[in-house]
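Breakdown of the fold
Chain by chain, the residues:
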Amino acid sequence: MFLDTEYQRLNGAFTSFLNCINDIQRTVSTQHRNFQRIYKTTQDERYGYAPSVHGSEILPVTLNVGGALFKTSTSTLMSTDSFFSAMLRSGEWASDSDGQYFIDRSPIVFPLILHHLRTGERVPTDHLSEFEKQVLGADVDFYQIDTFFPPRSCVRFIEPTEGDDSISVSLSNTRLYRKKPNR
C-alpha cells in the first residue's frame, strides 16, 4: 500500500516535471521562431526582398476579427514581434474590398490583446470567466505575442498557511515535497 502511494506520488511528480520540460521546450521553440523571423526580416530588408511597411509612419488599419471591427495603426501592430508584424512585413496579408484585414478568431478578448499591443502593459484577467481565459490563452498563442503573460516559473515554494510549519515545494502546481518540522 505504501509503495503504491509512493509510486503514484512520484509518477505525478515525474509527469509534472515532463510538463514543465514541455513548457520550456515550447518557450524555446517560440523564441527560436521569433529569432528566425527577425533574422529573415533583417536579411530581406538588407537585400531588398521585403516590401517596406512605411517605416515609422502611422497608418490606420481596420481589423475584422470574427465579424467585429477594430481600428488601430500599423505602428501598434508592429510594436512587438507577433503574427501582426510578421503578416504586415510579409506583404502577403491583403485587405478585403472594404480595406479590412479579416482574422478568423473570436472577438471576445481581442480588445485585451489590442490594449497590450498599444501600451505594452500586462492586462489583468481576473475579471474574465474560465472560458474567456482559455480563449485568451489560445489567441495569445495564435497571435504569437510572447510578452502578454508574465513568464512562468516551473518551480515554486508554497508559503505555509497560518499555523502550518511545513515546507512545500511545487512543480507545475503538483506538490513534490512537504516536510513537517520535527516536534
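Residues numbered from 1 in each chain as written. Predicted model: local features only at pLDDT ≥ 70, side-chain atom pairs only at ≥ 80, totals over all residues. Heavy atoms only, no water.

1. Thoughts on the pattern of salt bridges
Summed over the entire model, instances satisfying the criterion amount to 3 salt bridges. In this structure, Arg89 and Asp81 form a salt bridge, with 3.7 Å as the shortest nitrogen-oxygen distance. On the basis of relative accessible area, Arg89 is assigned to the partly exposed category, the value being 22%. Across the pair Glu130 and Lys133 runs a salt bridge, and its minimum N-O distance is 3.8 Å. One end of the pair, Glu130, and the other, Lys133, are both in helix α5 (residues 130-142), 3 residues apart, so they sit about a helical turn from each other. (Salt bridge = Lys/Arg side-chain N within 4 Å of Asp/Glu carboxyl O. Buried < 20%, exposed > 50% of the residue type's maximum accessible area, 1.4 Å probe, protein only. Helix = DSSP H or I, 4+ residues; strand = E, 2+ residues; numbered from the N terminus.)

2. Things to note about the sheet that holds strand β3 (residues 100-103)
Read from one edge to the other, the open sheet built from 3 strands follows the order β2-β1-β3, with strand pairing classed as mixed. The sheet terminates laterally at β2 (68-73) and β3, the two strands that pair on one side only. With strand direction ignored, the average angle separating the axes of adjacent strands in the sheet is 30 degrees. When strand β1 (residues 60-65) meets β2, the two strands line up antiparallel, connected through 6 bridges. (Pairing = 2+ DSSP bridges. Axes fitted to C-alpha atoms, helices over the stretch in contact; angles between N-to-C directions.)

3. Regarding the packing of aromatic side chains
Under the criterion given, the structure shown has 11 aromatic pairs. Here Phe83 and Trp93 contribute two aromatic rings whose centre-to-centre distance is 5.7 Å and whose plane-to-plane angle is 70 degrees, an arrangement assigned as edge-to-face. Within this pair, whereas Phe83 is found in helix α3 (residues 83-90), its partner Trp93 is found in the loop between α3 and β3, the two being separated by 10 residues in sequence. Each of the two residues, Phe83 as well as Trp93, counts as buried. Aromatic side chains Phe84 and Tyr143 sit 4.9 Å apart centroid to centroid with 25 degrees between the ring planes, which places their arrangement in the stacked category. Of the two residues, Phe84 is situated in helix α3 and Tyr143 in the loop between α5 and β4 (155-158); the sequence distance between them amounts to 59 residues. (Phe/Tyr/Trp six-rings, centres within 6.5 Å; stacked < 30°, edge-to-face > 60°.)

4. Notes on the nonpolar core
Grouped together as the largest cluster of nonpolar side chains are 25 residues, with contacts concentrated most on Leu63, Phe84, Phe110, Ile113 and Tyr143. Among the elements that line this core, the one with the most residues is helix α4 (residues 110-119), at 5 residues. Leaving out residues up to four positions away in the same chain, Tyr143 has contacts with Val65, Ser82, Phe83, Phe84, Ile103, Arg105, Phe110 and Ile113. (Core = buried A, V, L, I, M, F, W, Y, C linked by side-chain atoms within 4.5 Å. Contact = heavy atoms within 4.5 Å.)

5. Details of a nonpolar patch on the surface
Taken together, the side chains of Phe14, Phe17, Leu18, Ile21, Ile24 and Val28 define a hydrophobic patch exposed on the protein surface, amounting to about 530 Å² of accessible area. The residue Phe14 is located in helix α1 (residues 2-47) in this model. The class for Phe14 is partly exposed, based on a relative accessible area of 47%. (Patch = residues over 30% accessible without salt bridge, like charges linked within 9 Å, V, L, I, M, F, W, Y side chains within 5 Å. Areas by Shrake-Rupley, 256 points an atom, 1.4 Å probe, with all protein chains shown as cover.)

6. A look at the confidence of the model for the protein
In this model, the protein carries an average pLDDT of 75, and 67% of its residues clear a pLDDT of 70 or more. Note that pLDDT drops below 50 for residues 153-157; the model gives that stretch 13 contacts with residues more than four away or on any other chain. (pLDDT = per-residue confidence, 0-100.)

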